[in-house]
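One letter stands for each residue in the lines below.
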Amino acid sequence: MPKFLFKANNDVLSHCSCENEPGSSTHQLDCPWCGCGWLISCSKCGKAFTFAVIAETDTPLIELGRREVQKRGLTNVTEAEIEQWAEAMAEDLDRFEVGQIVVYFDGSYFPIEEKNIEFDGYFASHKLDELPHARALREPEYLYAEMTKQSYWRERELPDRD
Ligand SMILES: [Zn+2]
Ligand SMILES: [Zn+2]
């Protein structure tokens, strides 16, 4: 069965009050600090939450993609694009174990316990001992305070971002 991301809980920061709904595809724009670069959106209500859990689903990812496109009223997305998304997502999630808690950070999903984070994301180049989301499990206000700072992102912005 395919694996996908489902909302895990309302810990740290959550605007979504649904339970166990699938996450949606990411729509990170040029404003990662707004939340689009470090939160996951709920496919049902469209609102953001922090923690997702990897679970098996009997719904093919392409079907989840179609439903999201329909729910968001997108008319310019082709079946081929949804298929591409589903394949990329399956590949992305393949390395995770069922039950693992993951977060989204600048273009990728990470297991919450990941240490020594060093990568170039969509927007910025990051080098951190732990995920900001993980630190927020001890200091809940940290995630919002740090990630909404434009300066955090601007100081690390990739020069050749496209
Ligand atoms: Zn944004
Ligand atoms: Zn929701």
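Strand order in this open sheet of four strands is β1-β4-β5-β6, and the pairing throughout is antiparallel. Unpaired on one side and paired on the other, β1 (3–7) and β6 (108–111) mark the two borders of the sheet. Each strand of the sheet is rotated relative to its neighbour by a mean of 45°, with strand direction disregarded. As paired strands, strand β4 (residues 52–56) and strand β5 (residues 101–105) are joined by two bridges and run antiparallel to one another. Bridged to A52 within β5 is V102.

Another aspect to go through is helix α1 (residues 61–71). Taken residue by residue, α1 has L61, L64, G65 and E68 as its buried positions. Taken down its axis, α1 places every buried residue within 100° of arc, on the same side. Contact partners of the buried residues in α1: β1 and α2 (79–93). Just downstream of α1, G73 is the residue with a positive phi angle, here 65°.

Cut-offs and rules
- Residues numbered from 1 in each chain as written.
- Chains lettered and ligands numbered in written order.
- Predicted model: local features only at pLDDT ≥ 70, side-chain atom pairs only at ≥ 80, totals over all residues.
- Pairing = 2+ DSSP bridges.
- Helix = DSSP H or I, 4+ residues; strand = E, 2+ residues; numbered from the N terminus.
- Axes fitted to C-alpha atoms, helices over the stretch in contact; angles between N-to-C directions.
- Buried ≥ 20, exposed ≤ 12 C-beta atoms within 10 Å, placed from the backbone.
- Arc of directions from axis to C-beta.
- Contact = placed C-beta atoms within 7 Å.

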